[in-house]
Amino acid sequence: DIIRCSLVQKHISKPIRKGLILKALELLPELNSILFDSSGYYAGHSVFFPISQSCYNKIRDKSIKEEDLSELDFIDYNREDNPVFYAYDVSADCNGNLFYIIGAIMKFFRDLKNKKYLYASYTSRDDTYDLNKQIGVTMVWEDKVKQEKLKSKAPPRLYEGNFEKFLNE
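Residues numbered from 1 in each chain as written. Predicted model: local features only at pLDDT ≥ 70, side-chain atom pairs only at ≥ 80, totals over all residues. Heavy atoms only, no water.

A. Examining helix α4 (residues 95-111) more closely. The terminal C-alpha atoms of α4 lie 24 Å apart, and with 17 residues this matches the ideal 24 Å at 1.5 Å per residue to within 8%. Listed as buried for α4 are Ile-101, Ile-105, Met-106, Phe-108 and Phe-109. Angular distribution of buried residues about the axis of α4 spans 155°; they occupy a single face of the element. With respect to the buried face of α4, the exposed residues turned more than 90 degrees away are Phe-99 and Tyr-100. Where α4 is buried, its residues contact β1 (33-36), β2 (42-51), β3 (84-92) and α7 (164-168). (Helix = DSSP H or I, 4+ residues; strand = E, 2+ residues; numbered from the N terminus. Expected span 1.5 Å × (residues − 1). Buried < 20%, exposed > 50% of the residue type's maximum accessible area, 1.4 Å probe, protein only. Arc of directions from axis to C-beta. Contact = heavy atoms within 4.5 Å.)

B. Up close: unusual backbone geometry. One non-glycine residue, Lys-62, lies in positive phi territory at about 65°. Mapping Lys-62 onto the fold places it in the loop between α3 (53-60) and β3.

Pasting the structure below:
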């Protein structure tokens, strides 16, 4: 369900490997989840990759793509001075379930002891621009050429930051 639903994001042309999601779940169970409704149907998910700053820098400078990530790029975020929490995909079948998933994500970052983390996300959804601005992360770059190629409403964008100001207000 996670792989199928992540392909709704226009910029994701090649599905992420299932093994990568399972390894992320092992290392970061607090941010990797799948939600089912009371009837047992898929209702949403969140997939975060705990990666090193050097790995993130390669994504940031476009020398690698998300689909190039491997388990070797993952870190134990508890042992890193400046961990990067890379949001691969967060999705839900309705706003209520999305708020539930986002609430769990925000609780994790609120309670995280190491406040020197970096949150990063690459998305092509047109509704994320204002949301990311509200939660205090900034756009690093956008890919207008890929937008044209994908015939997307919004260009794929890379965001980064942390939630400290947002969570303290």
